[in-house]
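Each chain, written out:
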Amino acid sequence: MEMQMLRFARVSKTFVLHTQGAAQLPVLDGVDLSLLKGECVVLDGPSGTGKSTILRMAYGNYLCGAGEIQVFHEGVWLDIAKAAPREVLAMRHETMGYVSQFLNVVPRVSTLDVVSEPLRMHGMEVDLAKSRAMALLERLNIPEKLWSLSPVTFSGGEQQRVNIARGFIRDYPILLLDEPTASLDGANRMTVIALIREAMARGTAVLGIFHDAVTRDQVATRILDVDQFQQAT
């Protein structure tokens, strides 16, 4: 029997615009999806349909207005929609990785430390964690001369590759990917495709957004049209 890792049930989301008289902006209504171990479900649809919102709700960055978001975390189901903050943080630490479109790091922290941090926080010995980070940075074509520098000064493409390295350094059971190849050239895009497929082969459940058709076609096991979940305004 195929093992579910993440499921949305009747999830809705409305944003309240407090700077505009508490006006309400309906975004999603009745989202139902399941994510199985070892598969990649791609969220598809035009910009503004709520694809990134789904990822952020799964990660606990956004609260949903209604419904359930169940994550299989350490052998039990955890409803992110009702979980306490400490439970959400524990879920992120152990179960779910997230590669967003933007790299947010503390200035003056080296690239090597940024990438190796998830392993070090998980208890891995520092030298081994940094060795694995070096291998991944090399694979993603980040020059060694940059490893000791903070990535805040890097180009957009370099920052995105650092972001990808940090996201893939741990073997998370669930991985959320928000446009990971958006600012990459062809060679680095193929490296990321290989990383995604290797993660899936290990059993990682991937939920992602890929406007790049080449990447989408290479990694998707299922495509979910988010447009079907639009709220009536």
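For the structure, check the block above.
Residues take numbers from 1 onward in each chain, read along the sequence in its written order. Reporting of local features is limited, given that this is a predicted model, to residues whose pLDDT is at least 70; pairs of side-chain atoms are given and counted only at 80 or more, and all residues count toward the totals for whole chains, interfaces and linings. Hydrogens and water molecules were not included; the side-chain quantities draw on all heavy atoms of the structure.

Visitor: How would you explain unusual backbone geometry if you had to name every residue and give the values?
Guide: Residue Asn141 is not a glycine yet carries a positive backbone phi of 60°. Of note, the phi angle at Glu179 is positive, near 55°, even though the residue is not glycine. Runs of H or I in DSSP of at least four residues are treated as helices and runs of E of at least two as strands, each being numbered from the N terminus. Looking at the element boundaries, Glu179 is found in the loop between β7 (174-178) and α6 (186-201).

Visitor: Requested: an account of the nonpolar core, with residues and values cited.
Guide: Definition of nonpolar core: a set of buried residues of the types Ala, Val, Leu, Ile, Met, Phe, Trp, Tyr and Cys, connected through side-chain atoms within 4.5 Å. Relative accessibility decides the category of a residue: with a 1.4 Å probe and only protein chains considered, values under 20% of the type maximum give buried, values over 50% give exposed, and everything between is partly exposed. Ile164, Phe168, Leu177 and Ile196 are the most contacted members of the largest nonpolar core, which totals 36 residues. Listed by contribution, the elements that provide at least two residues to this core are β3 (40-44), α3 (111-121), α4 (126-139), α5 (156-168), β7 and α6. Per-element tally for this core: the top contributor is α6, with six residues. Once residues lying within four places of it in the same chain are set aside, the contact partners of Ile196 are Phe168, Leu177, Phe210 and Val219. Contacts are assigned to residue pairs that have any heavy atoms within 4.5 Å of one another.

Visitor: So what about the environment of Ala9? Which residues, and what values?
Guide: Looking at the secondary structure, you find Ala9 in strand β1 (residues 4-17). For Ala9, a relative accessible area of 19% corresponds to the buried category. Residues Ala9 and Gly67, spaced 58 residues apart in sequence, show a C-alpha to C-alpha distance of 5.6 Å.

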